[in-house]
Amino acid sequence: MKNLLVELFTWWNGQTMGTRFFTWRKGEFVGEDEFGNKYYRERGGKKRWVIYNGLAEASAIPPGWHGWMHHRVDVAPVDEDYHAKSWQKPHHENLTGTPGAYRPSGSILTSKERPEVTGDYKAWTPGQ
């Protein structure tokens, strides 16, 4: 019952009932990535979509699937012998808005002490 309520009222946690119905009616399963995300395309159409395994986090799509999702390549990674390039980094969770987010020195949110103001800044004034 809980899963049904979650599917009815949340869009960020997997799929909604509308997505489930559309996928059942018009979707063709293409493949699944190492994170458990499932990829679909519309039968006879150009629409492509992903059903995330867990929270809907767009940065969790691997590079090969990203290219296919955005129509940069026509062949899905499961239909070819795809290997990530040496310069492509593995996925790391987006920590923005969490306690683990990057906070440079000088940020008001860092736990470190901020550097002293030195007075070496001169504001720009129009007409100078």
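Cut-offs and rules
Residues numbered from 1 in each chain as written. Predicted model: local features only at pLDDT ≥ 70, side-chain atom pairs only at ≥ 80, totals over all residues. Heavy atoms only, no water. Salt bridge = Lys/Arg side-chain N within 4 Å of Asp/Glu carboxyl O. Helix = DSSP H or I, 4+ residues; strand = E, 2+ residues; numbered from the N terminus. Buried < 20%, exposed > 50% of the residue type's maximum accessible area, 1.4 Å probe, protein only. Contact = heavy atoms within 4.5 Å. Pairing = 2+ DSSP bridges. Axes fitted to C-alpha atoms, helices over the stretch in contact; angles between N-to-C directions. Phe/Tyr/Trp six-rings, centres within 6.5 Å; stacked < 30°, edge-to-face > 60°. Core = buried A, V, L, I, M, F, W, Y, C linked by side-chain atoms within 4.5 Å.

It is worth spelling out the pattern of salt bridges at this point. Within the structure shown, the criterion is met by 1 salt bridge. Arg-41 serves as the salt-bridge partner of Glu-28, at 3.7 Å between the closest nitrogen and oxygen. On the criterion of sequence distance, the pair formed by Glu-28 in strand S1 (residues 27-32) and Arg-41 in strand S2 (residues 38-42) is long-range, its members being 13 residues apart. On the basis of relative accessible area, Arg-41 is assigned to the partly exposed category, the value being 24%.

Phi at His-71 takes a positive value of approximately 60 degrees, unusual for a residue other than glycine. You can see His-71 is positioned in the segment after helix H3 (63-69).

Take Thr-23: it is sitting in helix H2 (residues 17-26). The residues touching Thr-23, leaving out its near neighbours within four places in the chain, are Tyr-40, Trp-49 and Ile-51.

The subject of this paragraph is the sheet that holds S1. Read from one edge of the open sheet, 3 strands run S1-S2-S3, paired in antiparallel fashion. The open sheet terminates on both sides in strands that have one partner only, identified here as S1 and strand S3 (48-51). Pairs of neighbouring strands in the sheet enclose a mean axial angle of 30 degrees, with direction left out of account. Of the strand pairs in this sheet, S2 and S3 are connected by 4 bridges, and their pairing is antiparallel. Looking at the pairing, Tyr-40 lines up with Trp-49 of S3. Contacts from H2 reach S1, S2 and S3 within the one sheet, and its direction differs from that of S1 by about 100 degrees.

For the rest of this paragraph, the subject is the packing of aromatic side chains. Inspection of the entire model under this criterion finds 6 aromatic pairs. Plain terms: the ring middles of Phe-21 and Trp-24 are 5.7 Å apart, the flat faces sit at 35 degrees to each other, and that makes the pair tilted. Taken together, the positions of Phe-21 and Trp-24, both in helix H2 and 3 residues apart, correspond to about one turn of that helix. Phe-21 sits in the partly exposed class, given a relative accessible area of 48%. With relative accessibility at 64%, the residue Trp-24 sits in the exposed group. On the basis of an interplanar angle of 90 degrees and a centroid distance of 5.6 Å, the ring pair of Trp-65 and Trp-68 is categorised as edge-to-face.

Turning next to the nonpolar core. Grouped together as the largest cluster of nonpolar side chains are 9 residues: Val-30, Tyr-39, Val-50, Tyr-52, Ile-61, Trp-65, Trp-68, Met-69 and Ala-76. Top contributing element to this core by residue count: H3, with 3 residues. Sequence-distant contacts of Ala-76, defined by excluding residues within four places in its chain, comprise Val-30, Trp-65 and Trp-68.

Limitation: the analysis is restricted to geometry and does not speak to function.
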